[in-house]
Amino acid sequence: MANIEASAALRVENARMIDGTGAEPLPNAVIVADESGRIQYAGPAASAPPRVPGVQVVDAGGRTVLPGFFDCHVHLGLPDDKQNFLIARLVEDPLLTSLRSTQVLKKTLDSGVTTARDLCGLPVAFRTAIEQGVIEGPRLHVAITSLSHTGGHGDSMLPSGLAPFTDGALTPFSDACTLVDTVDEARVATRRLLRDGADVIKVHATGGMASRGDDPDDEGLTEEEIAAVIDEARRHRGRPVAAHAQGLAGIRAAVRGGVTSIEHGYAIDAECVDLLGERGGFLVPTLSTLYLGVDKKKMSEWHYQKRMRWASITKENIAAAIARKAPIALGTDSPVAPFGESLKELTFLVDLGMAPMDAIIAGTRSSARLLGLADDLGTLEKGKLADLIVCSGDPLGDITVLGDAANVVLVAQQGVIRKNLLSHDAVTTPIASA
């Protein structure tokens, strides 16, 4: 894994550690990371190595330390207000739009998300800029664009004839969707994305909520087209494939085709849950779109009615998937849900029946597995990178504390402190004695 930048050695003391493995919380824990940002010790203070001069020390003051979280479904380059965005794009310098995304990235990082998967809208350059320390944000996996049929969920053609997310004249970055209508077109588009540096390929297997011309029950790419995409991704170092899939028919096609993850999965049934687990895939429910993404005052009537129609369906099916121990990773679909509130998704998972510890695992260890990063991230264990957060309150007693970025008082990536709301005396660097 590429370093975000030259990392600082770090020691966290006086912490209650939830390490992301599912183990019981450890009181009075110490975590020690070396100068490369890798954890050398994570355990009880009684067995911890002594302090070393020059290593930054954080006194957590009895607060909870957890692994850095993931958001496996975001669109950090897309606007949170599409109507005003369209107006702004006609009169605003595109570079200014790009610069605003740096604020979104920092806001997401400060909420406790140290790694994110952008499923269309953000170009590769942002991933590189974060890796090289040019800007601060979650380490990124990017899809660059998504693949949709003409007239499908990703086709953003407006009644005016403009296509704000499939027309390079209006999108500030790369096209947020590429239209493919045959197996061969799907193969070629996948090859181009892999050539351009995509970490993951995203396909639209169903219609969706925010597209007026289709419905979640409508099918998107065919099983044959999805299989072609997966085959191309497999031949290129086994790149994962994520499927926007909301209605049951499209979910089945995507799971049978062998996708790595089902995004949304609102109508998922027991058969698909079991098959997804057997094939090592994950469900990313994006419950934030339901709990935070519905505002009648800001939505078209058709969009609002569609959301309301699917609300109970979604809750029932995702609750059943949770009860069936579906392999779940955390994702929010921001900006459908507000940027910087990713960890509220934990509350919604718990609301539908998941235990708080399991929700934390979904946002850490399971998400790391989905992204193929489990060797380096997702848990606080020796040998892993020191991505961690310190939060006020007890998330096992009240999972909602993680959803408020003000409670996330410290964020570190690979040993480098990115956010610090602790007092000056709580973060010190011991100096060697004369």
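What you see is a predicted model, and the numbers here were worked out from it, not measured in a lab.

The rules we used
Residues numbered from 1 in each chain as written. Predicted model: local features only at pLDDT ≥ 70, side-chain atom pairs only at ≥ 80, totals over all residues. Heavy atoms only, no water. Helix = DSSP H or I, 4+ residues; strand = E, 2+ residues; numbered from the N terminus. Rg over C-alpha atoms; globule rule 2.2 N^0.38 Å. Contact = heavy atoms within 4.5 Å. Lys, Arg positive; Asp, Glu negative; His and termini not counted. Charge placed at Lys NZ, Arg CZ, Asp CG, Glu CD. Core = buried A, V, L, I, M, F, W, Y, C linked by side-chain atoms within 4.5 Å. Buried < 20%, exposed > 50% of the residue type's maximum accessible area, 1.4 Å probe, protein only. Domains from an automatic or database assignment. Pairing = 2+ DSSP bridges. Axes fitted to C-alpha atoms, helices over the stretch in contact; angles between N-to-C directions. 1 Å grid on protein atoms, 1.4 Å probe; cavity = no way out; pocket = protein on both sides within 12 Å on 5 of 7 lines; lining within 4 Å. Points joined across faces, edges and corners; volume = space filled by probe spheres on them. Nonpolar A, V, L, I, M, F, W, Y, C, P; charged D, E, K, R; others polar. Polar contact = N/O pair within 3.5 Å; in protein donor to acceptor, adjacent residues only side chain to side chain. Buried area = accessible area lost by both parts, 1.4 Å probe. Salt bridge = Lys/Arg side-chain N within 4 Å of Asp/Glu carboxyl O. Left-handed = near helix turned anticlockwise from the far one by under 90°. Right-handed = clockwise from strand over helix to strand, strands pointing away. Phe/Tyr/Trp six-rings, centres within 6.5 Å; stacked < 30°, edge-to-face > 60°.

In terms of regular secondary structure, the chain is built from 12 helices and 18 strands. Here the chain has a C-alpha radius of gyration of 21 Å; the compact-globule value for 434 residues is 22 Å, and the two agree. For the chain, the C-alpha atoms occupy an extent of roughly 75 × 50 × 45 Å along the three principal directions. Summarising the internal contacts of the chain: among those between residues at least 6 apart in sequence, 70% fall at separations of at least 24. For the chain, the separation between the mean place of its 42 positive charges and that of its 55 negative charges on side chains is 1 Å.

Attention now goes to the nonpolar core. Counting 78 residues, the largest nonpolar core has Leu76, Leu140, Ile201, Ile262 and Leu402 as its most contacted members. No other element matches helix H11 (residues 356–363), which puts 5 residues into this core. Split by domain, the residues of this core number at least three in each of domain 1 (10–67 + 378–428) and domain 2 (69–371). Not counting residues up to four positions away in its chain, the partners in contact with Leu76 are Ser101, Val104, Leu105, Thr108, Ala116, Asp118, Leu122, Leu140 and Phe339. Ranked by size, the runner-up nonpolar core spans 21 residues in total, among them Val12, Val58, Val65 and Ala426.

For the rest of this paragraph, the subject is the sheet that holds strand S8 (residues 139–142). The strand order across the open sheet formed by 3 strands is S6-S7-S8, and the pairing between neighbours is parallel. Since the sheet does not close on itself, it has two edges, and those belong to strand S6 (69–74) and S8, each with one partner. The mean angle between the axes of side-by-side strands here comes to 15°, regardless of whether they run parallel or antiparallel. Sheet topology places S6 next to strand S7 (residues 113–118); 4 bridges connect them, and they run parallel. Residue pairing across strands places Phe70 opposite Thr115, the latter belonging to S7.

Turning our attention to empty space enclosed by the protein. Overall, the coordinates contain 1 cavity of 30 Å³ or more when judged by the stated rule. The volume enclosed by the largest cavity comes to roughly 40 Å³. Elements with a contribution of two residues or more to the lining of the largest cavity: helix H8 (288–291) and helix H9 (301–323). Broken down by element, the lining of the largest cavity gets its largest block of residues, 3 residues, from H9. When the residues that make up the lining of the largest cavity are grouped by side-chain class, the tally is 4 nonpolar, 2 polar and 1 charged.

With respect to the secondary-structure elements, Arg239 resides in the loop between helix H5 (223–235) and strand S12 (241–245). Looking at Arg239, its side chain comes within polar contact range of the main-chain oxygen of Ala198, at 3.2 Å.

The domain architecture assigned to the chain consists of domain 1 (10–67 + 378–428) and domain 2 (69–371). Using only C-alpha atoms to locate each centre, domain 1 and domain 2 end up separated by 30 Å. Counting from both sides, the interface comprises 27 residues of domain 1 and, opposite them, 26 residues of domain 2. Taken together, both faces of the contact between domain 1 and domain 2 bury some 2,000 Å²; the carbon and sulfur share is 65%. Three residues stand out in domain 1 for area buried against domain 2, namely Ile399, Gln413 and Arg418, and they jointly supply 25% of the buried area on that side. Where domain 1 meets domain 2, there are 2 salt bridges. A salt bridge links Arg139 to Asp387, with the shortest nitrogen-to-oxygen separation between them at 2.3 Å. Where domain 1 packs against domain 2, one counts 9 residue pairs in polar contact (both at pLDDT 80 or more). Elements with a contribution of two residues or more to the side of domain 1 that touches domain 2: strand S5 (64–67), strand S16 (408–413) and strand S17 (416–420). Counting residues per element, the side of domain 1 that touches domain 2 draws most heavily on S16, which supplies 4 residues.

Where H5 meets helix H6 (residues 248–257), the axes come as close as 9 Å, and the angle between the chain directions of the two elements is 35°. Relative to H6, the crossing made by H5 is right-handed. Across the interface between the two elements, Glu223, Ile226 and Ile230 from H5 touch Ala253, Ala254, Arg256 and Gly257 from H6. Across the contact of H5 with H6, the residue classes tally to 4 nonpolar, 1 polar and 2 charged.

What follows is about the pairing of S7. Of all 6 residues that make up S7, 6 are buried, and the element is covered over most of its length. Where S7 and S8 come together, 4 bridges link them in parallel fashion. Note on S8: the bridge partner recorded for Thr115 is Arg139. Traced from S7 through helix H3 (residues 124–131) to S8, the parallel crossover comes out right-handed.

On inspection of all chains with the given rule, the structure shows 1 aromatic pair. With a centroid separation of 4.3 Å and an interplanar angle of 5°, the aromatic rings of Tyr291 and Phe348 are classed as stacked. Of the two residues, Tyr291 is situated in helix H8 and Phe348 in helix H10 (residues 344–351); the sequence distance between them amounts to 57 residues. For Phe348, a relative accessible area of 9% puts it in the buried group.

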